[in-house]
Amino acid sequence: MRTGFRILILDSYNQKIENNDNIDKYLAKAIKYIYRFQYIEASKYLFLARDSKEKYILLTLINIALQQKDQAKIFYETSKEYPYLYDDVFHIFIQKPNEDIKQVDISTILF
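A brief structural summary. (Residues numbered from 1 in each chain as written. Predicted model: local features only at pLDDT ≥ 70, side-chain atom pairs only at ≥ 80, totals over all residues. Heavy atoms only, no water.)

Helix α2 (residues 39–48) packs onto helix α1 (residues 25–35) with a crossing angle of 170 degrees between their chain directions and a minimal axis gap of 8 Å. In terms of their interaxial angle, α1 and α2 are classed as roughly antiparallel. Here Y26, L27, K29, A30, Y33 and I34 of α1 come into contact with α2, specifically with Y39, E41, A42, Y45, L46 and L48. (Axes fitted to C-alpha atoms, helices over the stretch in contact; angles between N-to-C directions. Helix = DSSP H or I, 4+ residues; strand = E, 2+ residues; numbered from the N terminus. Parallel < 35°, antiparallel > 145°, perpendicular 65-115°, else oblique. Contact = heavy atoms within 4.5 Å.)

With that out of the way, let us pick up the packing of helix α3 (residues 53–65) against helix α4 (residues 69–79). At a minimum axis distance of 8 Å, the contact between α3 and α4 shows a crossing angle of 165 degrees. Of the possible angle classes, the one that applies to α3 and α4 is roughly antiparallel. As for the relative orientation of α3 and α4, their crossing is left-handed in sense. Along the contact surface, α3 presents K53, Y56, I57, L59, T60, N63 and I64, while α4 presents K69, Q71, A72, F75, Y76, T78 and S79. Looking at the contact of α3 with α4 residue by residue, the class counts come to seven nonpolar, five polar and two charged. (Left-handed = near helix turned anticlockwise from the far one by under 90°. Nonpolar A, V, L, I, M, F, W, Y, C, P; charged D, E, K, R; others polar.)

The subject of this paragraph is the pairing of strand β2 (residues 91–95). In terms of strand pairing, strand β1 (residues 6–10) meets β2 through five bridges, oriented antiparallel. Paired with L8 across the two strands is F93, which belongs to β2. As defined by bridge partners, β2 adjoins strand β3 (residues 102–103) across two bridges and the pair is classed as antiparallel. Following the sheet pairing, F93 is matched in β3 by Q103. Joining the antiparallel neighbours β2 and β3 is a turn of six residues, in which N98 adopts a positive phi near 60 degrees. (Pairing = 2+ DSSP bridges.)

The subject of this paragraph is α3. The end-to-end C-alpha separation of α3 is 18 Å, in line with the 18 Å expected for 13 residues at 1.5 Å each. α3 sits mainly inside the fold: 13 of its 13 residues count as buried. Just downstream of α3, Q67 is the residue with a positive phi angle, here 65 degrees. (Expected span 1.5 Å × (residues − 1). Buried < 20%, exposed > 50% of the residue type's maximum accessible area, 1.4 Å probe, protein only.)

Structure, rendered in C-alpha cells:
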C-alpha cells in the first residue's frame, strides 16, 4: 500500500527511539510497527495506548496516510483535548517523497 508520506518518530537527537522504557507499552509497540510502515497494525496498538496528544496525532497521520480523511479529522479534534505526555521523549515528523524531514503540522496536511 502506498502512502503520501512517511511517519517518523525521533528522539531529541533525531534518531529512532531505541529505549521505550519510559513510555506506554502499547504506544511503544505501535511505534515499532510505524517504523516498519505497518500502519494498520500500529493503529491497533494505539487504540490500547494511554490517551495523549501524541496518540491521537499518530492516529490522525496514519488515517491521512491511508486516505481516511474523515476519520483523521475526528482524531485531530480529539487530540486537542489531551496534553503532550512524551514531548521530552520523542517528536513526530513526516517525510514526503523527495523532500526533507519536517516537524508535523497536521492542520496543513489535513485541511
